[in-house]
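Each chain, letter by letter, is given below.
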Amino acid sequence: MSDCIFCMIANGEIPSNTIYEDDDFRVILDNGPATKGHALVLPKQHYANLFEIPEETLAGAAKVAKKVAANIKEKLGCDGLNLVQNNGEAAGQTVMHFHLHIIPRYADDNQHILWNPTKPTAEELVEIKNTILGE
Ligand code: AMP
Ligand code: ZN
């Protein structure tokens with residue numbers, strides 16, 4: 001995808017703050033980080049989202065995330081860490097090239113990455129389950 005910014009970054013055509021690279025992935029520092037050390041795992045091949053990325057590439061991204069997360073934890077001393085992956089505008093995706101966020105968390109980081117729980121009834125949960133299972 002010649003006009004995709006993450007294709008260009010992942011393949012080294014645009015400079016980035018790279019903290020990991022192998023044949024298939026580049027991990028860069030997010031330039032609008034939620035917290036110190038917020039990084040993005042970018043596959044070098046273009047896939048728009050979770051629905052397009054092959055299983056093996058997704059598994060590869062998870063392996064890279066684990067390795068990089070361990071290094072971030074050791075070097076930056078974060079207290080926790082979120083892996084976040086957005087698919088579609090409704091889910092907050094702004095760059096339509098698959099990427100996995102690695103977000104180190106600090107006790108005092110004042111970020112709000114989690115959701116507000118809702119209160120479905122037991123019947124509503126069963127109905128959703130049945131819809132997903134096609135029953
Ligand atoms: P998402 O909202 O999941 O699509 O995340 C896109 C992320 O990419 C945001 O956190 C942006 O701050 C980040 N981002 C966008 N452009 C760049 C760039 N050129 N270099 C580094 N991070 C970027
Ligand atoms: Zn791309």
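Notes on the structure follow. Treat the numbers as computed from the prediction; the structure is a model and nothing was measured.

Reading the values: the criteria
Residues numbered from 1 in each chain as written. Chains lettered and ligands numbered in written order. Predicted model: local features only at pLDDT ≥ 70, side-chain atom pairs only at ≥ 80, totals over all residues. Heavy atoms only, no water. Core = buried A, V, L, I, M, F, W, Y, C linked by side-chain atoms within 4.5 Å. Buried < 20%, exposed > 50% of the residue type's maximum accessible area, 1.4 Å probe, protein only. Helix = DSSP H or I, 4+ residues; strand = E, 2+ residues; numbered from the N terminus. Contact = heavy atoms within 4.5 Å. Near = heavy atom within 4 Å. Nonpolar A, V, L, I, M, F, W, Y, C, P; charged D, E, K, R; others polar. Donors = N, O, S within 2.8 Å, 3.2 Å for Na, K, Ca; no water. Tetrahedral: all angles 85-135°; square planar, octahedral: opposite > 155°, others 65-115°. Pairing = 2+ DSSP bridges. Axes fitted to C-alpha atoms, helices over the stretch in contact; angles between N-to-C directions.

**Thoughts on the nonpolar core**
With 16 residues, the main nonpolar core has V27, V41, V64, V68 and I102 as its most contacted residues. When residues of this core are traced back to their parent elements, those giving at least two are strand 2 (25–29), strand 3 (39–43), helix 2 (55–76) and strand 5 (100–105). Looking at which element gives the most residues to this core, the answer is helix 2, with six residues. The residues contacting V68, other than those within four sequence positions of it, are I19, Y20, V27 and I102. Membership of the second largest hydrophobic core comes to eight residues, among which are C4, I9, A10 and I28.

**Structural notes on the site of ligand 1**
Around ligand 1 lies a shell of 15 residues, among which D30, G92, T94, H99 and H101 are the nearest. At the level of secondary structure, the elements contributing two or more residues to the shell around ligand 1 comprise helix 1 (5–10) and strand 2. Along the lines of polarity and charge, the residues of the shell around ligand 1 split into six nonpolar, eight polar and one charged.

**Section: the coordination of the zinc ion (ligand 2)**
The protein atoms donating to the zinc ion (ligand 2) are C4 (SG), C7 (SG), H46 (ND1) and H97 (ND1), with metal-donor distances spanning 2.0 to 2.3 Å. In this structure, the zinc ion (ligand 2) is coordinated by four donor atoms arranged in tetrahedral fashion, with angles at the metal of 106 to 117°. Donor residues binding the zinc ion (ligand 2) come from one chain and are separated in sequence as C-x2-C-x38-H-x50-H.

**Looking at the sheet that holds strand 5**
Pairing within the open sheet is antiparallel, and its five strands lie in the order 1-2-3-5-4. Here the strands that pair on one side only, and so sit at the sheet edges, are strand 1 (18–21) and strand 4 (80–84). Averaged over all pairs of adjacent strands, the angle between their axes in this sheet comes to 20°, without regard to strand direction. When strand 4 meets strand 5, the two strands line up antiparallel, connected through five bridges. Of the residues in strand 5, the one forming a bridge with G80 is R105. Lying over the sheet, helix 2 contacts strand 1, strand 2, strand 3, strand 4 and strand 5, oriented at roughly 20° with respect to strand 5.

**Notes on the environment of P104**
Within the secondary structure, P104 sits in strand 5. Aside from chain neighbours lying at most four places away, what touches P104 is T35, K36, G37, H38, I72, C78, G80, L81 and D109.

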